[in-house]
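# Coordinate analysis (summary)
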Amino acid sequence: MLRFYFSGHNFEYEARNALRVFDLNIEYDVKNMDAEEPDFQCEYSIVSTLEEQEGAYISTAVLYRKKEKINEKSFKSHEIILEKENDRKMKKTLVTKSIHNVLKSHYSIVPDYGILTGVRVVKILIASRQYGRSDSEITRILKNTYEVTDEKIELLWDILNIEEKYINEKMNKENYNLYIGIPFCPTKCSYCSFTSFINCGQKKIDDYVDVLVQEIHATIKMAKVRNLKLHSVYIGGGTPSVLNIEQIDKLFAAIKSHYDLNSIREITFEAGRPDTITLEKLQCLKNNNVTRISINPQSMNEKTLLSMGRNHNTQDILEKFQLARNIGFDCINMDVILGLPGENEEDALNTIEKIVNLKPENITVHSLAYKKNAELTRESSQLLKDYNLMRLMHDEVRESCRKNGYKPYYMYRQKNIKGNSENVGYCLPAKESIYNMIIIEELETILACGIGGSSKIMTENNHHEPLRNFKSLEEYISRIDEILEKKKNLLNSSLEGI
Ligand SMILES: C[S@@+](CC[C@H](N)C(=O)[O-])C[C@H]1O[C@@H](n2cnc3c(N)ncnc32)[C@H](O)[C@@H]1O
Ligand code: SF4
């Protein structure tokens with residue numbers, strides 16, 4: 001048990017996030033020192049103060065074991081810079097830095113992403129540039145303010161080098177991207193918490209597709225009224241390849257009635273699970289101008305696939321990959337998860353070597369995230385071991401990708417991610433997925449149809465107004481009019497003045 005005592009601030013969320021970098025399991029509570037003096041009854045206490053002195057802020061954190069002071073760290077506002085001037089953010093950053101640093105000494109861990117706990121790390125570089133910071137200032141922000149390691153700073157710059165072609169304020173405001181969610185899967189994988197319904201009969205899927213088609217038509221019409229141009233389409237899930245050919249054709253017919261599919265720059269279809277892929281479905285996707293598909297191994301180790309409930313083996317992956325190649329797909333993505341239970345560094349290396357041998361254009365390397373609703377229970381806290389293992393695995397994978405001509409082109413992080421690690425998308429030259437970069441960096445409007453997606457409408461001042469669809473099949477089907485009304489209102493109010 002750990003108790004925070006706060007004085008001069010109330011940044012509980014930031015303190016909790018700093019703690020989670022080091023320990024996912026420890027219980028904590030917070031007391032305000034204006035109301036009560038520390039009694040140091042807990043095993044550990046952190047006294048965190050924020051003061052203003054001569055126009056500068058100073059934050060100090062002191063770590064106690066019972067009454068014994070074991071560590072103290074202080075940071076001053078004039079010692080650091082942020083991506084842009086922001087008083088409140090400065091205060092939060094100082095408080096986080098001081099708490100983070102006393103914990104860092106205590107746990108003897110140097111986290112790769114320093115004090116950062118957010119999802120979108122490259123956005124820091126993008127926002128800093130937009131504010132006019134020079135590249136050397138940005139590196140200083142990452143290194144000195146946020147304490148990111150040199151290796152990760154290099155990764156972030158590599159990614160920005162690819163993403164920067166897609167960052168253009170005028171173009172980004174004119175575009176929109178369509179997400180279509182298919183929330184069905186053949187079995188539930190033990191690590192996964194995405195909305196997905198298992199073993200639904202054809203009737204239920206047919207009913208869903210009918211309503212979805214209605215939503216696609218209405219959404220495209222709304223976008224056209226606002227003069228938005230369709231940049232990319234992403235059909236994800238769940239597992240869209242559980243749909244049969246008639247259902248797939250119905251979805252594309254809806255898009256085709258508004259656009260020439262040939263004119264859409266990127267159309268991704270997640271055919272994730274090899275056990276759902278057939279020659280006829282692949283042919284149907286090709287006929288509908290799909291430009292990019294996913295065939296996801298997650299791991300190339302039989303034992304892991306079995307224990308995760310994937311219902312397919314490595315041979316299925318190889319065969320379905322070859323089938324897709326033979327039909328002519330020239331942009332295939334393969335998802336991998338590092339850190340699945342029972343896997344070590346050799347397993348990760350075995351997986352990545354088998355995958356690069358196939359030469360898919362994209363490889364998306366996830367780190368296992370402990371999801372609240374996933375069957376896979378959290379392993380007991382082995383944080384230091386997790387850090388080292390995940391670092392080794394990512395290093396191996398990165399080196400193998402680099403040697404084989406892949407470059408990192410987007411990355412994001414998640415809550416409760418093993419080893420406080422990251423997810424990285426790699427691609428062969430000029431094969432980056434537009435949709436993935438756009439959604440992660442929040443560059444353009446996303447209009448989502450169906451269950452599992454969330455629309456994000458880019459407003460004039462570059463904010464994003466989110467809108468989530470219902471998660472229950474019954475509610476989605478019965479309340480579609482309500483969904484469409486909300487979407488229309490949000491689109492109209494967000495784009496007012498653009
Ligand atoms: C929305 S899922 C759909 C993928 C597809 N249905 C499949 O199973 O291949 C997209 C990806 O998220 C990743 N993923 C899902 N749950 C995860 C978890 N708990 N930790 C890390 N990655 C996860 C997997 O790599 C998965 O392929
Ligand atoms: S990983 Fe894919 S197939 Fe497995 S449950 Fe999640 S969405 Fe479904």
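Structure's up top.
We now turn to the structure provided with this report. (Residues numbered from 1 in each chain as written. Chains lettered and ligands numbered in written order. Predicted model: local features only at pLDDT ≥ 70, side-chain atom pairs only at ≥ 80, totals over all residues. Heavy atoms only, no water.)

### Points about the overall build of the protein chain
Stated precisely, the cut-off is as follows: Per the convention used, a helix needs a DSSP run of H or I reaching at least four residues, while a strand needs a run of E reaching at least two, with both numbered from the N terminus. We compute the radius of gyration over the C-alpha atoms and compare it with the globule rule, which gives 2.2 Å times the number of residues raised to the power 0.38. Exposed residues in this analysis have more than 50% of their type's maximum accessible area, buried residues have under 20%, and partly exposed residues fall in between, with area computed by a 1.4 Å probe over protein chains only. Contact definition: two residues touch when any of their heavy atoms are within 4.5 Å.
For the protein chain, the count of helices and strands is 16 helices and 18 strands. Relative to the 2.2 N^0.38 estimate, which gives 23 Å for 498 residues, the radius of gyration of the protein chain is 24 Å and therefore close to what a compact globule would have. Here the protein chain holds 498 residues, and the buried ones make up 56% of them. Restricting the contact set of the protein chain to residue pairs at least 6 apart, pairs at least 24 apart contribute 74%.

### Examining helix H8 (residues 245-256)
For the record, the criterion: Multiply 1.5 Å by the residue count of a helix minus one, and that product is the helix's expected span. Any pair of nitrogen or oxygen atoms within 3.5 Å is treated as a polar contact; in protein, a donor-acceptor pairing is required on top of that, and neighbouring residues in sequence qualify only through side-chain atoms on both sides.
When the terminal C-alpha atoms of H8 are compared, their 16 Å separation across twelve residues agrees well with the 16 Å that a helix rising 1.5 Å per residue should span. Along its buried surface, H8 packs onto strand E6 (175-182), helix H7 (202-225), strand E9 (229-237), strand E10 (266-270) and helix H9 (279-287). Capping the start of H8, Asn 244 holds a side-chain oxygen 3.2 Å from the backbone nitrogen of Glu 246, two or three residues further along.

### Structural notes on the site of ligand 2
Note the following rule: Here a residue counts as near a molecule or strand whenever at least one of its heavy atoms sits within 4 Å of it. The classification used treats Ala, Val, Leu, Ile, Met, Phe, Trp, Tyr, Cys and Pro as nonpolar, Asp, Glu, Lys and Arg as charged, and all other residues, Gly among them, as polar.
Around ligand 2, a shell composed of Cys 185, Thr 187, Lys 188, Cys 189, Tyr 191, Cys 192, Gly 238, Thr 239, Arg 273 and Arg 310 is seen. Tallied by class, residues from the shell around ligand 2 come to four nonpolar, three polar and three charged.

### Observations regarding the site of ligand 1
Defined as follows: A 1.4 Å probe and the Shrake-Rupley method give the accessible areas. Residues count as covered only by the protein chains that appear here.
Around ligand 1, the structure places 19 residues, and the nearest of them are Tyr 191, Asn 296, Gln 298, Arg 310 and Asp 335. Within the backbone of Tyr 191, one N or O atom sits 2.8 Å away from a nitrogen atom of ligand 1. Notes on ligand 1: free accessible area 560 Å², of which the protein chains cover 93%. For the shell around ligand 1, the elements supplying multiple residues, two or more each, are strand E12 (332-338) and strand E13 (362-367).

### Examining the packing of H7 against helix H16 (residues 480-494)
The cut-off we apply is this: Note on definitions: angles span 0 to 180 degrees between N-to-C directions of axes, and those axes are lines fitted to C-alpha atoms, for helices only across the stretch in contact. Orientation is classified from the angle alone, with under 35 degrees giving roughly parallel, over 145 giving roughly antiparallel, 65 to 115 giving roughly perpendicular, and any other angle giving oblique. Two helices that cross are described as forming a left-handed crossing if the nearer one is turned anticlockwise from the farther one by less than a right angle, and a right-handed crossing if clockwise.
It is the contact of H7 with H16, at a shortest axis distance of 11 Å, that shows an interaxial angle of 15°. Between H7 and H16, the interaxial angle falls into the category roughly parallel. Crossing hand, H7 versus H16: right-handed. Residues Val 211, Gln 214, Glu 215, Ala 218, Thr 219, Met 222 and Ala 223 of H7 form the contact with H16, whose participating residues are Ile 480, Asp 481, Ile 483, Leu 484, Lys 487, Lys 488 and Leu 491. Residue composition of the contact of H7 with H16, by class: eight nonpolar, two polar and four charged.

### Notes on the packing of aromatic side chains
This is how the line gets drawn: Pairing of aromatic side chains here covers Phe, Tyr and the six-membered ring of Trp, requires ring centres within 6.5 Å, and sorts the geometry by plane angle: under 30 degrees stacked, over 60 edge-to-face, intermediate tilted. Criterion for a charge above a ring: Arg CZ or Lys NZ at most 6 Å from the ring centre, at most 35 degrees from the ring normal.
The final tally for this structure, using the stated rule, is 13 aromatic pairs. Ring plane angle 40° and centroid distance 5.9 Å describe the contact between Phe 4 and Phe 6, whose orientation is recorded as tilted. Side by side, Phe 4 and Phe 6 carry an identical accessibility label, which is buried. Aromatic rings pair up to connect Phe 184, Phe 197, Tyr 208 and Tyr 476 into one cluster. Positioned above the aromatic ring of Phe 75, the side-chain terminus of Lys 97 is 4.8 Å from the ring centre. The side chain of Lys 224 reaches across the aromatic face of Tyr 259, ending 4.6 Å from its centre.

### A word on the environment of Ala 430
Examined against the element boundaries, Ala 430 turns out to sit in the loop between strand E15 (423-427) and helix H14 (434-441). Its relative accessible area of 72% is what places Ala 430 among the exposed residues. Expressed as a C-alpha distance, the spacing of Ala 430 and Gly 452, which sit 22 residues apart in the sequence, is 29 Å.

### Looking at the pattern of salt bridges
Note the threshold: Each salt bridge in this description consists of a side-chain nitrogen of Lys or Arg and a carboxyl oxygen of Asp or Glu lying within 4 Å of one another.
On inspection of all chains with the given rule, the structure shows 31 salt bridges. The salt bridge involving Arg 3 is made with Asp 29; its shortest N-O contact spans 2.9 Å. Taken together, the residues Arg 3 in strand E1 (residues 2-7) and Asp 29 in strand E2 (residues 28-32) connect sequence positions 26 residues apart. According to the relative accessible area criterion, Arg 3 is buried, its value standing at 13%. A salt bridge links Arg 325 to Glu 361; its shortest N-O distance comes to 2.8 Å.

### Focus on the side chain of Arg 3
Separated by 2.9 Å, the side chains of Arg 3 and Asp 29 make a polar contact. Beyond its immediate stretch of four places on either side in the chain, Arg 3 contacts Asp 29, Lys 31, Asp 39, Cys 42, Tyr 44, Ser 45 and Ile 46.

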